[in-house]
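What follows is each chain in one-letter form.
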Amino acid sequence: MEFSEMAAKIAGGNGFIAALDQSGGSTPKALKGYGIEEGAWSTEEEMFGLIHQMRARIISSPSFTGDKVLGAILFERTMDGEVNGVPTPQALIAKGVVPFIKVDKGLEDEGFGGFGGVQLMKPMPTLDALLERSKALGVFGTKERSVINSANAEGIAAVVKQQFEIAAQVLSHGMMPIVEPEVNIKSATRAECDKILLAEILKNLDALPEGQRVMLKLSLPIVPGTFDPLVSHPKVLRVVALSGGYERPEACAELAKNKGIIASFSRALLQDLRSQMSDAEFDAALSDAIDEIYKGSTQKVDAAAAA
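Along each chain, residues carry numbers from 1 onward, in the same order as the chain's sequence is written. Per-residue local features of the predicted model are confined to residues with pLDDT of at least 70, and side-chain atom pairs are confined, for both listing and counting, to 80 or more; whole-chain, interface and lining totals are unaffected and use all residues. In computing side-chain values, all of the structure's heavy atoms are included and hydrogens and water are not.

Peer 1: Which parts of the structure should I look at to understand the pairing of strand β7 (residues 141-148)?
Peer 2: Across a regular strand the side chains alternate sides, sitting on one face of the sheet and then on the other. Partly exposed residues are those whose accessible area sits between 20% and 50% of the maximum for their type, while under 20% is buried and over 50% is exposed, using a 1.4 Å probe and protein chains only. Where helices and strands are cited, they refer to DSSP runs of H or I of at least four residues and of E of at least two residues respectively, numbered from the N terminus. Of all the eight residues making up β7, seven are buried; the element is thus mostly covered by neighbouring parts of the structure. Paired strands are those between which DSSP finds at least two bridges. Note that strand β5 (residues 98-102) and β7 share three bridges and pair parallel. Residue isoleucine 101 lies in a different strand from β7, and its bridge partner there is threonine 142. The pairing of strand β6 (residues 118-119) with β7 spans two bridges and is antiparallel. Looking across to β7, one finds that glutamine 119 is bridged to valine 147. The sheet contact formed by β7 and strand β8 (residues 176-183) spans eight bridges and is parallel. Bridge assignment links valine 147 to a residue of β8, and that residue is glutamate 182. For the crossover from β7 across helix α7 (residues 153-171) to β8, the handedness is right-handed. Crossover handedness is defined by viewing with both strands directed away from the observer: a clockwise path from the first strand over the helix to the second marks the crossover as right-handed.

Put into structure tokens, the structure is as follows:
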């Protein structure tokens, strides 16, 4: 797939984006969920080898195709690895799945820079080199995550400003950024966070140069339809949602209430997969998860009727 074909698929395709980008501190938790306990590896390399085996098994599954999975977000080590002897991005493209790469280096502590209630991204001094390498491997776009824990207007503005600064850097390399200012779904001020976030994103979208577009990855809003202005915005290629800690049935039900938003789930996609499964059992469990998330991404319901 050429870049224009990937853009068209992401913009208008029916399906969702699989988030296969657990990294660093989240890898042991992901492996435990997969049925591999922490004592199963003795070095970091062995740990990342195990998580790559899991991701390669997912990508190799007969049910993991571009018919329902529009794209997949990779961790850097996964991007640099292979699936059945083929570089991972090319293995995805061969199945009709558009590859993305997680580029952030993790989060600062809450309060960093004097901004309470939010966690900014850590510096990315090698981002240009990573973008060049990713693009050479056929990767379409990036994903970069911040977190919003409470309705601090100044902090949320700082998060969105930083996100769009990184997005501009990604766009300068001819790649598509997924801007991800995640609202913590356990926040006591979640509805207010959504409102402030919407206003800040719109402000930054309007400042984008003509002809440039970004993607947005957002927590599902507490009030369905809150992000409708983003879904229809001419400078937004697609709005996708993270599961944010919801179990899959609840995440899919919330997703279905928001027209135009598709899933980009991680844990909700992987929660029923186990390393001990036979290939047939694994493929069946993954197929069920893909079908459920696909349905939530494509079958939208009226929020008032669903209430």
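After that view of the structure, there is still more to cover.
Peer 1: Looking at this model, I keep getting lost on the nonpolar core. Mind explaining?
Peer 2: Most often, soluble globular proteins have nonpolar side chains that are buried together. In this description, a nonpolar core means a group of buried Ala, Val, Leu, Ile, Met, Phe, Trp, Tyr and Cys residues linked to one another through side-chain atoms lying within 4.5 Å. Among the nonpolar cores identified, the biggest contains 83 residues, and Phe64 and Leu269 are the most heavily contacted of them. Per element, the largest residue contribution to this core is nine residues, and it comes from α7. Note on definitions: a residue-residue contact is assigned when non-hydrogen atoms from the two residues lie within 4.5 Å. Leucine 269 has contacts with Phe16, Ala18, Leu20, Arg248, Leu286, Ala289, Ile290 and Ile293, leaving out every residue within four places of it along the chain.

Peer 1: Can you help me understand helix α12 (residues 279-298) in this one?
Peer 2: Side chains that are three or four residues apart share a direction in an α-helix, a result of its 3.6 residues per turn. To estimate the expected span of a helix, subtract one from its residue number and multiply by 1.5 Å. Between its terminal C-alpha atoms α12 stretches 28 Å, which fits the 28 Å expected from 20 residues at 1.5 Å a residue. In this fold, the buried residues of α12 make contact with β1 (16-20), α3 (44-60), β2 (69-74), α10 (248-256), β11 (261-263) and α11 (267-270).

Peer 1: Could you clarify how one ought to interpret the environment of glutamate 144 in this entry?
Peer 2: Along the chain, the position of glutamate 144 falls in strand β7. The class for glutamate 144 is buried, based on a relative accessible area of 0%. C-alpha separation for the pair glutamate 144 and glutamate 192, spaced 48 residues apart in sequence, amounts to 23 Å. Polar contact criterion, stated in full: a pair of N or O atoms within 3.5 Å, where within protein one must be able to donate a hydrogen and the other to accept it, and residues adjacent in sequence count only if both atoms are side-chain atoms. Polar side-chain contacts of glutamate 144 include one of 3.0 Å to the side chain of threonine 142.

Peer 1: Help me out: how do you make sense of the side chain of serine 61 in this one?
Peer 2: Inspection of the secondary structure assignment puts serine 61 in the loop between α3 and β2. Given the relative accessible area of 2%, serine 61 is considered buried. Here serine 63 takes part through its side chain, which lies 3.0 Å from a polar atom of the side chain of serine 61.

Peer 1: What am I meant to see in the side chain of glutamate 182 here?
Peer 2: Along the polypeptide, glutamate 182 turns up in strand β8. Filtering out sequence-adjacent residues up to four positions away, glutamate 182 remains in contact with Arg145, Ser146, Val147, Ile148, Ser219, Leu242 and Gly244.

Peer 1: So what exactly am I meant to see when it comes to the packing of α10 against α12 here?
Peer 2: When two helices pack together, their arrangement is given by the angle between their axes and by how far apart the axes lie. The contact between α10 and α12 brings their axes to 7 Å, and the two run at 20°. Between α10 and α12, the crossing angle belongs to the class labelled roughly parallel. Of α12, the residues touching α10 (which contributes Arg248, Pro249, Cys252, Leu255 and Ala256) are Ala289, Glu292, Ile293, Gly296 and Ser297. Across the contact of α10 with α12, the residue classes break down as six nonpolar, two polar and two charged. Here an axis means a line fitted to C-alpha atoms, over the contact stretch when the element is a helix, while the angle between two N-to-C directions is reported on a 0 to 180 degree scale. Under this scheme an angle from 65 to 115 degrees is roughly perpendicular, one under 35 degrees roughly parallel, and one over 145 degrees roughly antiparallel; angles in between are oblique. Only Asp, Glu, Lys and Arg are considered charged, only Ala, Val, Leu, Ile, Met, Phe, Trp, Tyr, Cys and Pro nonpolar, and every remaining residue, Gly among them, polar.

Peer 1: Looking at this structure, how should I read the pairing of β1?
Peer 2: Most of β1 sits inside the fold, with five of its five residues counted as buried. Of the two faces of β1, the one holding Phe16, Ala18 and Leu20 and the one holding Ile17 and Ala19 are both buried throughout.

Peer 1: Honestly, the packing of aromatic side chains in this entry has me stumped. Any pointers?
Peer 2: Within a pair of aromatic rings, the relevant descriptors are the distance that separates the centres and the angle that separates the planes. The criterion for an aromatic pair is that two Phe, Tyr or Trp rings (for Trp, the six-membered ring) have centres within 6.5 Å, with stacked assigned to planes under 30 degrees apart, edge-to-face to planes over 60 apart and tilted to the rest. What the rule picks out here adds up to four aromatic pairs. Residues phenylalanine 3 and phenylalanine 140 carry aromatic rings whose centres are separated by 4.7 Å and whose planes lie at 40° to one another, so their mutual orientation is tilted. Taken together, the positions of phenylalanine 3 in helix α1 (residues 3-12) and phenylalanine 140 in the loop between α6 (127-136) and β7 put the pair 137 residues apart, joining distant regions of the chain. Taking relative accessible area as the criterion, phenylalanine 3 reaches 38% and is therefore assigned partly exposed. Aromatic side chains phenylalanine 100 and phenylalanine 140 sit 5.5 Å apart centroid to centroid with 90° between the ring planes, which places their arrangement in the edge-to-face category. Residue phenylalanine 100 is found in strand β5, and its partner phenylalanine 140 is found in the loop between α6 and β7; the two are separated by 40 residues along the sequence. Taken as a pair, phenylalanine 100 and phenylalanine 140 share a single burial class, namely buried. Grouping aromatic residues by their ring pairs yields a cluster made of Phe3, Phe100 and Phe140. The ring of phenylalanine 282 has arginine 57 sitting right over it, with the charged end atom 4.2 Å from the ring centre. The criterion is that NZ of a Lys, or CZ of an Arg, lies within 6 Å of the ring centre and within 35 degrees of the ring normal, and then a charge sits over that ring.

Remember that the coordinates give geometry; whether it matters functionally is a separate question.
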